[in-house]
Amino acid sequence: MNTGYVYKLSGGGKFYIGSTSLIPQLRLEEHKSFSTTSTSQRQPVYRHFKSIGWENVEIETLRTVEYNTKSELLQYERDEYDKV
């Protein structure tokens, strides 16, 4: 059994829901780092958060879960997204 987190990044009137096996703050650092790559520039979420400044992005843990497979973790993510 693994521990996972469903989280929400928000800022500038927009949000992103994701899931991770990392502590959410570490996942936020990964998002920040990835936003500097050329690949990320094609993704609206990275363009938006980079344009408003990562210091204006908040991360919130929506749910802490136990899971066996990545697909289970992704299902928890979808469940939280459907609530929003």
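Our subject is the structure that appears above.
Residues numbered from 1 in each chain as written. Predicted model: local features only at pLDDT ≥ 70, side-chain atom pairs only at ≥ 80, totals over all residues. Heavy atoms only, no water.

Participant: Explain helix α3 (residues 70–83) to me, using residue names and the numbers behind them.
Facilitator: For α3, spanning 14 residues, the distance from its first C-alpha to its last is 20 Å, which sits close to the expected 20 Å at 1.5 Å a residue. For α3, the set of buried residues is Leu73, Glu77 and Glu80. The buried residues of α3 occupy one face: seen down the axis, they fall within an arc of 65°. Buried positions along α3 lie against β1 (2–11), β2 (14–20) and β3 (58–67). (Helix = DSSP H or I, 4+ residues; strand = E, 2+ residues; numbered from the N terminus. Expected span 1.5 Å × (residues − 1). Buried < 20%, exposed > 50% of the residue type's maximum accessible area, 1.4 Å probe, protein only. Arc of directions from axis to C-beta. Contact = heavy atoms within 4.5 Å.)

Participant: For the sheet that holds β3, give the residues involved together with the corresponding values.
Facilitator: Spatial ordering of the open sheet is given by β2-β1-β3, a layout of three strands whose pairing is antiparallel. The open sheet has two free edges, formed respectively by β2 and β3, since each of these has just one partner strand. Going across the sheet, the axis of each strand differs from the next one's by a mean of 15°, ignoring polarity. Contacting β1, β2 and β3, α3 crosses the sheet at an angle of about 135° to β3. (Pairing = 2+ DSSP bridges. Axes fitted to C-alpha atoms, helices over the stretch in contact; angles between N-to-C directions.)

Participant: An account of the nonpolar core is requested, with residue identities and associated values reported.
Facilitator: Listed in full, the seven residues of the largest apolar core are Tyr7, Leu9, Leu28, Tyr46, Phe49, Trp54 and Val57. For this core, the secondary structure elements donating two or more residues are β1 and α2 (44–52). Aside from chain neighbours lying at most four places away, what touches Tyr46 is His31, Phe34, Ser35, Ser40 and Trp54. (Core = buried A, V, L, I, M, F, W, Y, C linked by side-chain atoms within 4.5 Å.)

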